[in-house]
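A look at the structure
Chain residues, written in single-letter form:
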Amino acid sequence: MQPPISAGTVLQNRYRLLSVLGQGGFGRTYLAEDQGRFNERCALKEFIPMQAGAYALEKSKELFQREAATLYQIQHPQIPQFRATFEENERLFLVQDYVDGKTYRDLLNERKLQGRAFSEPEVMQLFRQLLPVLGHIHSKGIIHRDIAPDNIILRQNDNLPVLIDFGVVKEIATRFQFPATLPQQTTVGKLGYAPSEQMQTGRAYPSSDLYALAVTAVVLLTGREPQDMYDDVNLVWHWHQYANVSPNFGNVLNKMLSYRPGDRFQSVNDVLQALQLMTGPPVSQPVPPGKPQMASPPVPGSNISQMQTIAVGRRPEPTAHVARSPRPGTPYVPQPKEQTLWDNPLAVIGICLGLAVITGIGSWAVVSAILNSSQPQPTASATASPSPTASATPTLTPSPTQTVAYEQRLDLVPGESTTAEGNLRANETVTYIVTAKQGEQLTIGLEDEGVLLTVLGPDRKPVDDRAERVPRWQGTLAATGDYYVQISPVRNLPDSDYRVTFGLEPAAEPSPTPTPSPSPTETPSPQIETQRLRFPEGEDSILVSERVAPNLIRRYLVNVSAGQVMEVEAVEGNVRFNIRYPNGDLVQDAGGVEYWQAQLPDSGDFQVDVVADDAVDFTVRIKVTGNPF
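The shown structure was predicted, so the numbers you read here are calculated from the model rather than taken from an experiment.

1. Description of the sheet that holds strand β28 (residues 616-625)
- The 4 strands lie next to each other as β21-β28-β23-β26, forming an open sheet whose pairing is antiparallel. Strands with a single pairing partner mark the edges of an open sheet, and in this sheet they are β21 (541-548) and β26 (595-599). Pairwise comparison of adjacent strand axes, ignoring direction, gives a mean angle of 20 degrees for this sheet.
- In the sheet, strand β23 (residues 565-572) pairs with β28 via 7 bridges, with the strands oriented antiparallel. By the bridge assignment for β28, alanine 570 is matched with valine 620.

Written out as structure tokens, the structure is:
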């Protein structure tokens, strides 16, 4: 394996390495500054091929790019954003966002020093915040393969868990090290966390990630490692003796930890439903005060009688009596048995006859109604009394697959924002109606991953080609009228909370046509901002990233000795250079150039002016080499 790259090294003339964040058998992760993004911190993951040679490098690059394309598909706020890939000195790198926070391994170690571990509510919260992330990647056919406390970071700025270090790089190395023609002895996944099918055959399913998540949960709950709780002879887990959890949550974890993949939950949605049943209301609930209890409406076509149910033939519960001990010498006198209605044979016979009569009358009425509805009504001289009808038709409760739509009108004030929130089931959609004028700018953003929005214009059609099933939309409105913002849950989620923010900006005032002045107005001179450059110790070049505009010139002073060679080039941005001598005169053939290199005849502070026709961000590399005269 090649040695680590030293801190301070700049890769691709852009990424300045600060330190090594971690190292494994397949590569390293560096903390770096992206000098092309105003020194924003990022993570560089280096992949080191296990085999040497030109063929090995080419094959590795092919697989690496394929898997980078897979990572590019993942757009989720709780997964570090993939930025780029590049190769330098036969090393392959991935660039991702840097997550500032502590891993759950670090958090657990801190608690173990205090003699405690994670509680059940904390692990339940982790599940609710992380399961939708797994559902997102599984919906794209991606399996993480390496879920463990080390690969979940509690992000500092919002206290949300972030899933890092997909097993992609390890999977690449394994596929290349063990070709498909040979038996694969894969080690993708952490021992003790990855299930047997993943460790032995290399196959991984959504339930494989759920298994690893459950192992992570019991490790956090107990503070013990997997090998301390798993019986590899009988293939069973013994973690309950080290943790205090509710039976329901324990059953959910045990099912996720099943040895056979088919015995586990098969999807994130199944786990979410099981957790919902744990925390949902009981089957029988007391009716809140003031709220009438409604009977379930009848199913059309059923033969269930609408007659009120009467309790019949149940013996009342006997009243308990406290037996008193007789005084010594007092003879026992049996107490007479209390007589009840059911001890009277005549009363029992009477009740039975009454019930028989009521049942017969009810049956006759039902049969007559059926016969009358299927035959034409004959003309009769006597008019029968009409049966009483219900005053209102019962409303049927929609089935889980029936779409339920709600609408709500919002009054948006230009220049202000409005927020709406709620909860939607899988079959529900809410539409917010806003009235806006032509030219106004509408901005709509969702804060939750489980829902998406669609923006329809006054004609009830999507306002543009980027307004359907998106998390955010912004645009200038083409017409005056009502706009419809439909919000619905992501597929395969039983329900989802949502919070949506609306913003409306007034239409831009038309610029008045300037009245021509009798005499031409003198163009103001552009502002010049001067900065002296100092090269890092031991370096002969420097990268500078700034912003320039037509009315703003960036001037950099570079101290050069006579005989040295100075080179100036634009790495990013459509900019030009004016190179000037220390006395301010323009160097010959060095005005408005995009690249310049020359040996300098004089010593002093040469001026490098960066100019542009439009406002633009740029990155410039300035290099000074050679020995002075």
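2. Topic: the sheet that holds strand β13 (residues 417-425)
- The strand order across the open sheet formed by 4 strands is β13-β19-β15-β17, and the pairing between neighbours is antiparallel. Bordering the open sheet on either side are β13 and β17 (472-476), each of which pairs with just one other strand. For this sheet the average axis-to-axis angle between neighbouring strands, irrespective of direction, equals 15 degrees.
- Two strands pair when backbone bridges link them, and strand β15 (residues 441-446) and strand β19 (residues 495-505) are joined in this way by 6 bridges, in the antiparallel orientation. Its bridge partner being in β19, leucine 442 is matched across the sheet by leucine 504.

3. A look at the side chain of serine 488
- Along the chain, serine 488 turns up in strand β18 (residues 481-489).
- Its relative accessible area of 15% is what places serine 488 among the buried residues.
- At 2.5 Å, the side chain of serine 488 and the side chain of arginine 469 are in polar contact.
- The residues contacting serine 488, other than those within four sequence positions of it, are Leu424, Glu428, Thr429, Val451, Leu452 and Arg469.

4. Regarding unusual backbone geometry
- Phi is positive for glutamine 12, close to 55 degrees, though the residue is something other than glycine.
- Locating glutamine 12 in the fold gives a position in the loop between β1 (10-11) and β2 (15-24).
- At arginine 145, a position not held by glycine, the phi torsion is positive, near 75 degrees.
- With respect to the element layout, arginine 145 can be found in the loop between α3 (120-139) and β8 (152-155).

5. As for the packing of aromatic side chains
- Applying the stated criterion across every chain, the model contains 8 aromatic pairs.
- Look at phenylalanine 86 and phenylalanine 93: their rings are 5.0 Å apart centre to centre, the planes differ by 20 degrees, and that puts the pair in the stacked class. Accessibility classification places phenylalanine 86 together with phenylalanine 93 in one group, the buried group.
- Ring centres of tyrosine 581 and phenylalanine 606 lie 5.8 Å apart, and the angle between their planes is 55 degrees; this geometry places the pair in the tilted category. Placement of tyrosine 581 in the loop between β24 (576-580) and β25 (586-593) and of phenylalanine 606 in strand β27 (residues 604-611) is noted, with a sequence separation of 25 residues between them.
- Using a relative accessible area of 0% as the deciding quantity, one classes phenylalanine 606 as buried.
- Taken together, the ring pairs in this structure connect Tyr15, Phe86 and Phe93 into an aromatic cluster.
- Taking NZ or CZ as reference, arginine 111 lies 4.0 Å from the ring centre of phenylalanine 118, over its face.
- The cationic tip of arginine 460 hangs over the ring face of tyrosine 484; the distance from NZ or CZ to the ring centre is 3.6 Å.

6. Remarks on the pairing of β23
- For β23 and β26, the ladder comprises 5 bridges, and the chain directions are antiparallel. By the bridge assignment for β26, methionine 566 is matched with alanine 598.

7. Describing helix α2 (residues 104-113)
- By the burial criterion, the buried members of α2 are Tyr104, Arg105, Leu107, Leu108 and Arg111. Taken down its axis, α2 places every buried residue within 160 degrees of arc, on the same side.
- Considering only its buried residues, α2 is in contact with β7 (101-103), α3, β8, β9 (161-163) and α6 (206-222).
- Of the residues trailing α2, glycine 115 is marked for its positive phi of about 75 degrees.

8. Let's talk about the confidence of the model for the protein
- The pLDDT averaged across the protein works out to 78; a share of 72% of its residues lies at or above 70.
- This model gives residues 176-187 a pLDDT under 50, and the stretch forms 19 contacts once residues within four places in sequence are excluded.
- Here residues 281-339 scores under 50 on pLDDT; set against residues more than four positions off or in separate chains, the count is 14 contacts.

Parameters at a glance
Residues numbered from 1 in each chain as written. Predicted model: local features only at pLDDT ≥ 70, side-chain atom pairs only at ≥ 80, totals over all residues. Heavy atoms only, no water. Pairing = 2+ DSSP bridges. Helix = DSSP H or I, 4+ residues; strand = E, 2+ residues; numbered from the N terminus. Axes fitted to C-alpha atoms, helices over the stretch in contact; angles between N-to-C directions. Buried < 20%, exposed > 50% of the residue type's maximum accessible area, 1.4 Å probe, protein only. Polar contact = N/O pair within 3.5 Å; in protein donor to acceptor, adjacent residues only side chain to side chain. Contact = heavy atoms within 4.5 Å. Phe/Tyr/Trp six-rings, centres within 6.5 Å; stacked < 30°, edge-to-face > 60°. Lys NZ or Arg CZ within 6 Å of the ring centre and 35° of its normal. Arc of directions from axis to C-beta. pLDDT = per-residue confidence, 0-100.

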